[in-house]
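# Analysis of the macromolecular model
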Amino acid sequence: MPYLVTAKHVAQRLDADFVIRANLNTGEAKEIEIETTEWFYPEDPTVDLAIAPAVLPGREYDHYYFPIDDAARR
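So, here's what we can say about the structure. Everything numeric here is computed off the predicted structure, so don't read it as measured data. (Residues numbered from 1 in each chain as written. Predicted model: local features only at pLDDT ≥ 70, side-chain atom pairs only at ≥ 80, totals over all residues. Heavy atoms only, no water.)

## So, the nonpolar core
Ranked by size, the top nonpolar core spans 13 residues in total, and within it Leu4, Phe18, Ile20, Ile32, Ile34, Trp39 and Tyr61 carry the most contacts. Looking at this core, the elements that each hand over two or more residues are β2 (18–23), β3 (29–34) and β4 (50–53). Residue contributions to this core peak at 3 residues, all from β2. (Core = buried A, V, L, I, M, F, W, Y, C linked by side-chain atoms within 4.5 Å. Buried < 20%, exposed > 50% of the residue type's maximum accessible area, 1.4 Å probe, protein only. Helix = DSSP H or I, 4+ residues; strand = E, 2+ residues; numbered from the N terminus.)

Here it is as structure tokens:
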């Protein structure tokens, strides 16, 4: 599953709806509206990290998914 990754202090300030900018295969970019997402944070309050599941719609985006093994998910 692909994820959005950002800093925890940024995710906590995002409104319910926000926009991400993604590169297209053509070299251009497109804004994608994110209507709702559930952010997940590490249990350690000193870690400034947030992740949320996300999938780019369509094949026109220039992206790469980095696989995360089970050890990295803990």
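## Comments concerning a negative patch on the surface
There is a patch of like negative charges on the surface, built from Asp15, Asp17, Glu31, Glu33 and Glu35. One can find Glu35 in the loop between β3 and β4. Owing to a relative accessible area of 59%, Glu35 belongs among the exposed residues under this scheme. (Patch = residues over 30% accessible without salt bridge, like charges linked within 9 Å, V, L, I, M, F, W, Y side chains within 5 Å. Areas by Shrake-Rupley, 256 points an atom, 1.4 Å probe, with all protein chains shown as cover. Salt bridge = Lys/Arg side-chain N within 4 Å of Asp/Glu carboxyl O. Lys, Arg positive; Asp, Glu negative; His and termini not counted. Charge placed at Lys NZ, Arg CZ, Asp CG, Glu CD.)

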